[in-house]
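Chain by chain, the residues:
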Amino acid sequence: MAAHDVMPDVELFQPLTVEDAVALAERLGGNGWILAGGQDTYGWLKDRAKQPTTMVDLGSIESLQGIEETRSGIRIGAMTTLRDLSRHPTIRDHYALLAEAADQVASPQIRNQGTIGGNVAQDTRCWYYRRGLACYRAGGNICYADTPDGMNREHAIFGASRCVAVSPSDTATALVALDATMVIQSSNGTRSIPAERFFVSPAVNITHMTVLRDGDILTHIELPDTWAGADFYFEKVADRNVWDFALVSIAGAMRIEGGTIRQARFVCGAVECVPRRLIEVERAVIGKPRNEATANSVAALASRDAQPLNYNQFKAPLMENLVKRALRA
Ligand SMILES: Cc1cc2nc3c(=O)[nH]c(=O)nc-3n(C[C@H](O)[C@H](O)[C@H](O)COP(=O)(O)OP(=O)(O)OC[C@H]3O[C@@H](n4cnc5c(N)ncnc54)[C@H](O)[C@@H]3O)c2cc1C
Ligand code: SF4
């Protein structure tokens with residue numbers, strides 16, 4: 001499919017309240033498209049790989065903006081830009097894991113424009129799908145990436161079910177590690193979903209990366225104070241340091257008391273269609289010191305049961321090395 005230099009014509013709505021946005025999104029159904037910062041959206045439109053006729057721009061809704069401290073943690077409006085998130089003093093001081101993850105997205109220009117809501121709701125970057133081919137995820141009956149000659153270096157080594165695409169969101173791993181809650185509004189009311197269940201595997205729904213459906217608007221994200229001020233580690237390995245998606249990333253959070261790890265979360269990105277919690281590693285480190293010996297003793301658990309494709313076998317040892325790096329004091 002050829003790329004175009006200009007955007008197609010779309011009808012644009014700019015509601016001022018979430019209620020109006022929800023009503024519009026509900027009425028437009030599959031013909032409507034929620035627009036946040038546009039950094040994922042505009043690529044789809046310019047390539048004509050998706051062709052919505054109408055957009056609901058959330059940019060004028062004040063209640064979706066900004067970061068607030070609450071009695072039990074932090075509330076982050078879905079339209080908060082990645083730049084504002086990564087520079088917010090409370091996020092930097094108490095939830096540095098999320099600040100760092102947001103700061104690793106793409107480039108300064110994209111972080112100025114891209115929002116946290118758009119970052120978690122963005123679609124996969126599988127080459128074939130983005131070019132508009134009729135693969136399983138696009139409603140067809142083949143996976144082009146999972147063939148003997150398929151380009152699958154960036155794809156999943158866990159949890160594939162016909163589709164082997166991965167979640168591209170850098171902030172998703174940090175949000176799962178921090179036990180965040182995603183708050184969604186629709187015409188049926190408001191529902192709160194743990195970040196770990198917000199992202200969905202192809203076995204659950206092959207055409208959606210998240211639980212969001214037509215008519216849903218992610219209004220904000222809540223961070224509980226459970227992990228505030230913990231020991232954190234974030235690292236993203238990519239081919240380039242800017243403008244590039246993770247080949248593998250890790251978000252780690254640890255509570256260390258009396259020299260030993262009391263609580264731990266480790267979540268890898270870009271190895272599965274959803275952020276992958278390393279539950280065996282989390283269990284294995286409890287009661288151990290955060291040092292080289294612990295790192296070496298648990299790293300292999302990270303990639304247990306991996307099922308690499310032809311060109312992404314490097315991801316399993318990379319996961320193990322990232323776990324080791326996260327655990328070295
Ligand atoms: C060159 C390039 C490099 C990139 N590199 C990275 C990277 O390294 N890491 C990374 O994580 N991402 C990357 N991205 C992806 C993405 O553009 C950004 O992560 C950005 O944060 C997306 O946010 P947005 O507000 O621009 O989303 P939009 O494009 O406006 O929206 C993205 C999707 O989310 C939906 N959506 C947005 N907000 C809501 C809401 N509140 N409720 C319901 N649905 C909503 C939209 O309908 C759309 O489907 C890159 C993009 C580009 C173009
Ligand atoms: S990995 Fe998924 S998105 Fe990519 S070609 Fe296969 S089915 Fe399509």
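Thresholds, definitions, all that
- Residues numbered from 1 in each chain as written.
- Chains lettered and ligands numbered in written order.
- Predicted model: local features only at pLDDT ≥ 70, side-chain atom pairs only at ≥ 80, totals over all residues.
- Heavy atoms only, no water.
- Phe/Tyr/Trp six-rings, centres within 6.5 Å; stacked < 30°, edge-to-face > 60°.
- Helix = DSSP H or I, 4+ residues; strand = E, 2+ residues; numbered from the N terminus.
- Buried < 20%, exposed > 50% of the residue type's maximum accessible area, 1.4 Å probe, protein only.
- Lys NZ or Arg CZ within 6 Å of the ring centre and 35° of its normal.
- Pairing = 2+ DSSP bridges.
- Axes fitted to C-alpha atoms, helices over the stretch in contact; angles between N-to-C directions.
- Contact = heavy atoms within 4.5 Å.

A. Representation of the packing of aromatic side chains in the model. Inspection of every chain in the model, using the stated rule, returns 3 aromatic pairs. Aromatic pair Tyr128 and Tyr144: ring centres 5.9 Å apart, planes at 25 degrees, arrangement stacked. With Tyr128 in helix H8 (residues 127–130) and Tyr144 in the loop between H8 and helix H9 (170–177), this residue pair connects regions lying 16 residues apart in the sequence. Judged by centre distance (5.1 Å) and plane angle (85 degrees), the rings of Phe198 and Phe199 are edge-to-face. Accessibility classification places Phe198 together with Phe199 in one group, the buried group. Of note, Lys50 hangs over the ring of Trp44, and the distance from its end group to the ring centre comes to 4.6 Å.

B. Focus on the sheet that holds strand S6 (residues 181–186). What the 5 strands build is an open sheet, ordered S4-S5-S8-S6-S7; its pairing is antiparallel. Two strands close off the open sheet at either side, each with one partner strand: strand S4 (67–70) and strand S7 (189–194). Strand-to-strand twist of the sheet, defined as the mean angle between neighbouring strand axes without regard to direction, takes the value 25 degrees. Relative to S7, S6 runs antiparallel, the two sharing 6 bridges. What sits directly across from Gln185, in S7, is Thr190. The strands that helix H1 (residues 18–28) touches are S6 and strand S8 (217–224); relative to S6, the one it contacts most, it runs at about 70 degrees.

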